[in-house]
Amino acid sequence: GPPGVGKTTTIAKIAAQERALGGRTLGLVAADAFRAGAIEQLRSYAAVLGAPFRIARTAGELDQAIGASRHASLVDTAGRSAADGHLSDLLAVLQRTRGVRTHLVIAADTSAATARRIFDRYGPMQPSRVVITKLDESESIAPLLGVVRERALPVSYLGTGQRVPEDLWRATPAGLAAALLREPVMEDVTCH
């Protein structure tokens, strides 16, 4: 997704929840060598979680990191255009790897017109799911949900703040309805 939507924090939340709820360890791969501090941020989360951590600055390094991992891994990519050569090389590695699910991360307050541009821009990455973040900063997610429905992609997670791992919820019909109605009933409909 675009820069600043919470991709790195969302990955940390998913990894922390998997560890806390099921004892499952997920590897973390930092493939965002573009944003200053991105690698260090993910490395810090990995250290706190006791999760395997790898850095992949190139497509070759990403291929090696995935191949060498004994755990399922979450890959943090830069918020760059799919037309960016470096990012497209990384995504080519992910697309030829079996079992990869690509999530497009997008902020809840994104307008319908901007959401359509984002979906078009990241379409070559073939996202199979959408993560909606920053629900706590949004007046309404109705415009965004309309575009998500148009694009026929399921919503996988809802992010409601910065706390790791507390502010991430599995997207359920009840959770999406609560978010749409701006009701604080997320605790009742989550995987926590």
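Just above sits the structure.
Scope of this entry: the structure provided in the associated data block. (Residues numbered from 1 in each chain as written. Predicted model: local features only at pLDDT ≥ 70, side-chain atom pairs only at ≥ 80, totals over all residues. Heavy atoms only, no water.)

Focus on helix 6 (residues 142-151)
To keep things clear, this is the line we draw: Burial classes follow relative accessibility: with a 1.4 Å probe on protein chains only, a residue under 20% of its type's maximum area counts as buried, one over 50% as exposed, and anything between as partly exposed. Every helix listed is a DSSP run of H or I at least four residues long, and every strand listed is a run of E at least two residues long, numbered separately from the N terminus. Along the arc lie the directions from the helix axis toward the C-beta atoms.
Looking at helix 6, one finds that the buried residues are Leu144, Leu145, Val147 and Val148. Here the buried residues of helix 6 occupy an arc of 160° about the axis, which is enough to place them on one side. Looking one or two residues beyond helix 6, the residue adopting positive phi is Ala152, at roughly 55°.

Comments concerning the nonpolar core
Keep this limit in mind: Take the buried Ala, Val, Leu, Ile, Met, Phe, Trp, Tyr and Cys residues and link them wherever side-chain atoms come within 4.5 Å; each set so joined is a nonpolar core. Residue contacts are defined here by distance: any two heavy atoms, one from each residue, within 4.5 Å place the two residues in contact.
With 30 residues, the main nonpolar core has Leu62, Ile106, Phe119, Val130, Ile132, Leu135 and Val155 as its most contacted residues. Broken down by secondary-structure element, the contributors of at least two residues to this core are strand 1 (27-31), helix 3 (59-68), helix 4 (85-95), strand 4 (103-107), helix 5 (112-122), strand 5 (129-133), helix 6 and strand 6 (155-159). When sequence neighbours within four positions are dropped, the list of residues in contact with Phe119 reads Leu104, Ile106, Val130, Val147, Val148, Arg151 and Leu153.

Examining the packing of helix 1 (residues 7-22) against helix 2 (residues 38-49)
The cut-off we apply is this: To get an axis, fit a line to the C-alpha atoms, keeping to the stretch in contact for a helix; angles then go from 0 to 180 degrees between the N-to-C directions. Oblique is the label for every angle not falling under 35 degrees (roughly parallel), over 145 degrees (roughly antiparallel), or within 65 to 115 degrees (roughly perpendicular). Each residue is assigned to one of three groups, with Ala, Val, Leu, Ile, Met, Phe, Trp, Tyr, Cys and Pro labelled nonpolar, Asp, Glu, Lys and Arg labelled charged, and all others, Gly among them, labelled polar.
Axis separation between helix 1 and helix 2 bottoms out at 10 Å; the angle between their running directions is 10°. Between helix 1 and helix 2, the interaxial angle falls into the category roughly parallel. Of the residues in helix 2, those in contact with Thr8, Thr9, Ile11, Ala12, Ala15, Ala16 and Arg19 of helix 1 are Gln41, Leu42, Tyr45 and Leu49. When the residues that make up the contact of helix 1 with helix 2 are grouped by side-chain class, the tally is seven nonpolar, three polar and one charged.

A look at the pattern of salt bridges
In plain terms, the rule: When a carboxyl oxygen of Asp or Glu lies within 4 Å of a side-chain nitrogen of Lys or Arg, that pair is called a salt bridge.
Under the counting rule described, the total for this entry stands at six salt bridges. Its salt-bridge partner being Glu18, residue Arg24 comes within 3.6 Å of it at the nearest N-O pair. By relative accessible area, Arg24 is classed as partly exposed at 43%. For Glu18, a relative accessible area of 18% puts it in the buried group. Salt-bridge contacts for Asp63 lead to Arg96; the nearest nitrogen and oxygen are separated by 4.0 Å. Highlighted residues: Asp63 in helix 3 and Arg96 in the loop between helix 4 and strand 4, separated in sequence by 33 residues.

Comments concerning the pairing of strand 5
The side chains of a regular strand alternate, first on one face of the sheet and then on the other. Quick reminder of the rule: Orienting the strands away from the viewer, one traces the path from the first strand over the helix to the second; a clockwise path indicates a right-handed crossover. What makes two strands pair is DSSP finding at least two bridges between them.
Counting buried residues along strand 5, four of its five residues qualify, which places the element largely inside the surrounding structure. Remark: the strand 4/helix 5/strand 5 crossover connection has right-handed handedness. Sheet topology note: the strand 5/strand 6 ladder contains three bridges and is parallel. Bridge pairing links Ile132 to Leu158 in strand 6.

Details of unusual backbone geometry
Residue Pro165 follows Val164 across a cis peptide bond; omega there is 5°. Within the fold, Pro165 resides in the loop between strand 6 and strand 7 (168-170). The residue Lys134 is not glycine, and still its phi comes out positive at about 60°. Checked against the element boundaries, Lys134 lands in the loop between strand 5 and helix 6. Not every positive phi belongs to a glycine, and Ala152 is a case in point at roughly 55°. Taking relative accessible area as the criterion, Ala152 reaches 63% and is therefore assigned exposed.

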